[in-house]
Amino acid sequence: MTIDYAAAEARRAELRRRYVLAHRPSSSARGLHHIALLSSDVERTIKFYQDLLEFPLTEIIENRDYKGSNHFFFDIGNGNLLAFFDFPGLDLGPYQEVLGGLHHIAISVDPATWERLRGKLEMAGVPHQIESGASIYFKDPDGARLELLADHLGEMYGSRVL
């Protein structure tokens, strides 16, 4: 497949010109309540997110939609949660990227925390990739792709996006 990069940039510029408003109205949303992912092993997920990534577990309750299933939450800062479901008895397959599916979750951390967590990932033997000196990409135990980003919320590689 050949990509016409000049056409892609022209299309991006046209979309930006048409839809990025100079005087953007306030959003109708209050913020991200939670993102829900799947876990094949609740304790392994807790150890990965709480112990390795330092996201405190805030609660674990029964999933209202599937009796016997857990719904559990991690604090990812700024009033936002990362949530998980396990579905015992449902033979869910591994992660598969599909259109409309999740590509990755980017979580902002300060630069000192970024360095500390990079070291913890290395010590734990978690394969990862560093991009632009500010992003670490890796997968959780169930294959969900994560990014730890040393940029501030609302910034991306030195550009304001919010």
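Relevant structure appears above.
Here is what the cut-offs are and how they apply
- Residue indices begin from 1 for each chain and proceed along its sequence in written order.
- For a predicted model such as this one, the threshold for reporting local features is a pLDDT of at least 70, and the threshold for listing and counting side-chain atom pairs is 80 or more; totals across whole chains, interfaces and linings nevertheless cover every residue.
- Note: side-chain values were computed over all heavy atoms of the structure, leaving out hydrogens and water.
- Two strands make a pair as long as DSSP finds a minimum of two bridges between them.
- Helical segments are the DSSP runs of H or I of at least four residues, strand segments are the runs of E of at least two, and each set is numbered from the N terminus.
- The axes are straight lines fitted to the C-alpha atoms, using for helices just the contacting stretch, and the angles between their N-to-C directions are given from 0 to 180°.
- Residue contacts follow a heavy-atom distance rule, with two residues in contact if any of their heavy atoms lie within 4.5 Å.
- Take the buried Ala, Val, Leu, Ile, Met, Phe, Trp, Tyr and Cys residues and link them wherever side-chain atoms come within 4.5 Å; each set so joined is a nonpolar core.
- Relative accessibility decides the category of a residue: with a 1.4 Å probe and only protein chains considered, values under 20% of the type maximum give buried, values over 50% give exposed, and everything between is partly exposed.
- The term salt bridge refers to a side-chain nitrogen of Lys or Arg lying within 4 Å of a carboxyl oxygen of Asp or Glu.

Asker: What exactly am I supposed to notice about the sheet that holds strand 4 (residues 81-85) here?
Answerer: The strands making up a sheet associate through backbone hydrogen bonding, with each pair oriented either parallel or antiparallel. Strand order in the open sheet formed by 4 strands is 1-4-3-2, with mixed pairing between adjacent strands. A single partner strand is all that each edge strand has here, and the edge strands are strand 1 (34-38) and strand 2 (57-62). Direction aside, neighbouring strands of the sheet carry axes that sit 20° apart on average. Where strand 2 meets strand 3 (residues 70-75), 5 bridges bridge the pair, whose relative direction is antiparallel. By the bridge assignment for strand 3, Ile60 is matched with Phe72. This element, helix 2 (residues 42-52), spans strand 1, strand 2, strand 3 and strand 4 of the sheet and lies at about 5° to strand 3.

Asker: Help me understand the nonpolar core in this model?
Answerer: Here is a general trend for soluble globular proteins: nonpolar side chains tend to be buried in one another's company. If you look at the biggest cluster of nonpolar residues, it comprises 27 residues, and the most contacted ones within it are Phe48, Tyr49, Leu53, Phe55, Phe138 and Leu148. Mapped onto this core, the elements with two or more residues apiece are helix 2, strand 3, strand 4, strand 5 (105-108), helix 3 (111-123), strand 7 (135-139) and strand 8 (145-149). The biggest single contributor to this core is helix 2, with 5 residues. Apart from residues no more than four positions distant in its own chain, Phe55 is found in contact with Tyr49, Gln50, Phe74, Asp75, Ile76, Ile107 and Leu148.

Asker: So what exactly am I meant to see when it comes to the pattern of salt bridges here?
Answerer: Oppositely charged side chains may form a pair once their charged atoms are brought near each other. All told, the structure shown has 12 salt bridges when counted by the stated rule. Glu155 serves as the salt-bridge partner of Arg160, at 3.7 Å between the closest nitrogen and oxygen. Salt bridges sharing partners connect three or more residues here, namely Glu14, Arg17 and Arg18.

Asker: Help me out: how do you make sense of the pairing of strand 3 in this one?
Answerer: Side chains on a regular strand alternate between the two faces of the sheet. Bridge count between strand 3 and strand 4: 5 bridges; the pairing is antiparallel. Paired with Phe73 across the two strands is Ala83, which belongs to strand 4. Counted between consecutive antiparallel strands, the loop separating strand 3 from strand 4 contains 5 residues, among which Gly77 sits at a positive phi close to 85°.

Asker: What exactly am I supposed to notice about unusual backbone geometry here?
Answerer: Among all residues save glycine, negative phi is the norm, and among peptide bonds the norm is trans. Its identity is not glycine, yet Asn78 carries a phi of approximately 55°, on the positive side. Position of Asn78 relative to the elements: it lies in the loop between strand 3 and strand 4. By relative accessible area, Asn78 is classed as exposed at 63%.

Asker: Looking at this structure, I do not really get the sheet that holds strand 5. What am I missing?
Answerer: The strand order 5-8-7-6 describes an open sheet built from 4 strands, whose pairing is mixed. With one partner strand each, in any of the chains shown, strand 5 and strand 6 (128-131) form the two edges of the open sheet. Within this sheet the neighbouring strands show an average axis-to-axis angle of 20°, counted without direction. With 5 bridges joining them, strand 7 and strand 8 adopt antiparallel strand pairing. Bridge pairing in strand 8 places Ser135 opposite Leu149.

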